[in-house]
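The chain contents come next:
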Amino acid sequence: MPVITLPDGSTKEFNQPVSPYEVARSIGERLAAQSVGARINGELCDLNTPIERNATVSIITTRPRDEQQRADLLMLMRHSAAHVMAEAIQRIVPGAHLVYGPPLATGFYYDIAFPPDRPLSTADFEAIEAEIRKIQQEDRRFTRYEMRVGEGLAKLREEGNKYKLDNAERAIETGSERLSWYATGEPGKNWEDLCRGPHVPSTAHTGVIKIMSLASAYWHGDENSDRLTRVYGTAFPTQQDLDAYLNQLEEARQRDHRVIGKRLGLFHIDEMVGQGLILWTPKGSVIRNELQNFISHELRRQGYHQVYTPQIGKLDLYRTSGHFPYYKDSQFTPIVDREALDALAHEGCSCADLSNRLEKGEADGYLLRPMNCPHHIRLFDSQPHSYRDLPVRLAEFGTVYRWEQSGELNGMTRVRCFTQDDAHLFVTEDQLAAELQGCLELVKIIFKTLEMSDYRVRVGLRDPDSSKYVGEPAKWDKAEAACRDAAKSLGVPFSEEPGEAAFYGPKIDFVVKDVIGREWQLGTVQVDYNLPERFDLSYIGPDNRPHRPVMIHRAPFGSMERFIGVLIEHFAGAFPLWLSPEQVRILPISEKSNDYAREIASKLRADGLRASIDDSDERIQAKIKIASEEKIPYLGVVGPRDAEARTVSIRAHGVQKDLGALPLDEFASLLLDEYQSKGERSLRRQMAPTGATA
């Protein structure tokens, strides 16, 4: 008879199989009334799932106790909301064929094939949401039933939905021995959908549902296959939660780096160059260079050596590392040299044959590098090393290439060509803990300087049941232990996530929450016992014998493109002085003060500041408005009296009134100090510590 272990460690014994709902009732009627699902031995399940053996059980309620429970509640609610939305859509468009509808971190979607003469449009949203509310008010139970494979396939063939039949066949290929459906109500009578679950108890538990948008999709993601309509929606427990999310979306829309970046002239994406390939403008290049100079200074302080390596390498290099062919779907197609290609053509080699030969190593070629680490490994191995030489720390702003699907590209945050602030450390086992601490300290310095204080740490571990990981389990155990110990030392919350490790080793990821509450995965540190083994790396130890080094991969910014895209949104384009492409603009009130304004701008530029002058014929209020829209940190307004007194009247971005006037030399000195201290000392704070912001 099952013994149930609860989250607090207490146990309950039952004399027959029991469901999570019955477990909840045994604790209290209030808990049972609030219950919507459960985790059984870590797996998210329906509330009425039978438990026949001893198990650990955590009840999911409408009042979650922690972030994990809230995430579970939203997943169950949104998965079920996708069903409710699909039922409502089929009431509005009876000929619609359902394809696939998963929950997401922010909501859910359903891919649907609509009749050619009845496409869905945003004009249908109101009617669909009205049907959703009716379905919720009917409070019909989500009822699961199963069929044997043969019987289930026959049912699907009779229904005539090729998409659901395909879903079932794929499930069978992965080992499913039975097919499951969920009816919202009574099977055979009410609406139902082929689905593995789990779901909330009834349609009344699906929260506040809103349809968000429509998008195009393709069956299996194949542009040559059936074109589908992807209907996005979201669901939250309360209207207040939904309103807060919609407000966040509006704030995110206003901060969209693609819009701000274009308006401020920071980067450009050109169709003739290619999607996912960023062209950095002079202004955007200033931000990138400032970040590179900042981290380069820290790297020199920590004893790193800067290197440069090619952006292309032989396939054998990536075969040895394991990147090819295992990750070929996310890499650009290999390049075969012309002589070899001509010879293969004369043999009658087809494109498919060539691809197979490249994968098997029977033909050679080159690859736009997806990673920098194999190049750094070959640099390390280019000369002998003693234990006295270690650690060896090699750093490079290395550009890499990944083949992202066109539908996944997103401005600067998801691209096909990006530069990493990459480094690889070759260390002894005894040095591993201290070097990891140095890497983590670097990330903390970056986040502090960039005012990103709200972050959490994620330790990515291997999935013991997956075959994608290379190397000996004992070495994985050592690497994972090192990552856990390093994460504990940070003093911030961290989670362990099996299956999130790189194929060669575990990693520590930094997940930053921006000013409007969105999370971004930025810096990463990885411990690797396996690539040194694959490349047969060694150093001579104190015993005069060869030993294998351990590698640390680390990239505090990660992708420069992604990081700066996130920064644009984090600061809403109003960068701190040290990062701002234009730091100060001098605004003469009239042409009588143009000469003095030019003198000020010239002095500031001579001091190393990025200064400009607006000596146009616009009125001063128009000049201030233009500069404000361009998010210039400081404005220096000057008139005849300023010229006579050798002063500058100062305005700061976002502050509603003048900060006051300063002598020119003091103004220049304070600006330079703010720049060099990266905002630790601020002209604005010194002049107006309590100034109201716009």
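All values reported here derive from a predicted model rather than from experimental measurement.

**Quick notes on the confidence of the model for the protein chain**
Of the residues in the protein chain, 96% reach a pLDDT of 70 or more, and the chain-wide mean stands at 90. Mean pLDDT values over the elements of the protein chain span from 68, in helix 12 (residues 351-360), up to 97, in helix 4 (residues 125-138). Considering only residues more than four positions removed or in separate chains, one finds that residues 689-694, a stretch of pLDDT under 50, has ten contacts.

**Quick word on unusual backbone geometry**
With an omega dihedral of 0 degrees, the bond running from Gly197 to Pro198 counts as a cis peptide bond. Mapping Pro198 onto the fold places it in the loop between strand 10 (192-194) and strand 11 (208-218). A cis amide bond, omega 5 degrees, links Leu390 with the succeeding residue Pro391. Relative to the helices and strands, Pro391 is located in the loop between helix 13 (373-380) and strand 18 (392-401). Even without a glycine there, the phi angle at His220 is positive, about 60 degrees. Residue position: His220 is located in the loop between strand 11 and strand 12 (227-236). Taking relative accessible area as the criterion, His220 reaches 46% and is therefore assigned partly exposed.

**Side note on the environment of Ala113**
Relative to the helices and strands, Ala113 resides in strand 7 (residues 108-113). The spatial distance from the C-alpha of Ala113 to the C-alpha of Ser285 is 45 Å, given a sequence separation of 172 residues.

**Side note on the pattern of salt bridges**
The tally for this structure, following the rule as stated, stands at 49 salt bridges. As a salt-bridge pair, Arg651 and Asp658 come within 2.9 Å of each other at their nearest N and O atoms. Look at the salt bridges and you will find they share partners, linking Glu87, Arg91, Glu131, Lys134, Glu138 and Arg140 into a network.

**So, the environment of Glu13**
Structurally, the position occupied by Glu13 is in strand 2 (residues 11-13). Residue class for Glu13 comes out exposed when judged on its relative accessible area of 65%. Each C-alpha atom of the pair Glu13 and Leu120 lies 52 Å from the other, and the pair is 107 residues apart in sequence. If we skip the residues at most four places from it in the chain, Glu13 touches Pro2 and Val3.

**Points about the pairing of strand 23 (residues 519-528)**
Two faces belong to every sheet, and in a regular strand the side chains alternate between them. Across the ten residues of strand 23, eight count as buried, placing the element largely inside the fold. Between the end of strand 22 (residues 507-513) and the start of strand 23, which pair antiparallel, lie five residues, with Gly517 showing a positive phi angle near 90 degrees. Of the pairings in the sheet, the one linking strand 23 to strand 26 (residues 550-555) comprises five bridges and is antiparallel in character. Its bridge partner being in strand 26, Val527 is matched across the sheet by Ile552.

**Observations regarding the nonpolar core**
Soluble, globular proteins show a tendency: their nonpolar side chains are buried together. Within the largest apolar cluster, 88 residues are counted, with the highest numbers of intra-cluster contacts made by Leu291, Leu450 and Leu604. When residues of this core are assigned to their parent elements, the largest contribution, nine residues, is made by helix 14 (residues 432-449). Leaving out residues up to four positions away in the same chain, Leu450 has contacts with Leu291, Phe557, Phe563, Leu567, His570, Phe571, Trp578 and Leu579. Core analysis: the second largest hydrophobic core is formed by 34 residues, Ala81, Ala86, Ala88 and Cys195 among them.

**Describing empty space enclosed by the protein**
Over the atoms, a rolled probe matching the size of one water molecule traces out where space is still vacant. On inspection of all chains with the given rule, the structure shows two cavities of 30 Å³ or more. Estimates place the volume of the largest cavity at around 100 Å³. Lining the largest cavity are Leu264, Leu266, Lys283, Gly573, Phe575, Ser580, Pro581, Glu582, Glu630, Lys631 and Ile632. Of the residues in the lining of the largest cavity, the class split is five nonpolar, two polar and four charged. Taken as a whole, the second largest cavity spans an internal volume of roughly 80 Å³. Lining the second largest cavity we find Asp46, Leu47, Asn48, Arg141, Phe142, Thr143, Arg144, Tyr182, His199, Val200 and Pro201.

The rules we used
Residues numbered from 1 in each chain as written. Predicted model: local features only at pLDDT ≥ 70, side-chain atom pairs only at ≥ 80, totals over all residues. Heavy atoms only, no water. pLDDT = per-residue confidence, 0-100. Helix = DSSP H or I, 4+ residues; strand = E, 2+ residues; numbered from the N terminus. Contact = heavy atoms within 4.5 Å. Buried < 20%, exposed > 50% of the residue type's maximum accessible area, 1.4 Å probe, protein only. Salt bridge = Lys/Arg side-chain N within 4 Å of Asp/Glu carboxyl O. Pairing = 2+ DSSP bridges. Core = buried A, V, L, I, M, F, W, Y, C linked by side-chain atoms within 4.5 Å. 1 Å grid on protein atoms, 1.4 Å probe; cavity = no way out; pocket = protein on both sides within 12 Å on 5 of 7 lines; lining within 4 Å. Points joined across faces, edges and corners; volume = space filled by probe spheres on them. Nonpolar A, V, L, I, M, F, W, Y, C, P; charged D, E, K, R; others polar.

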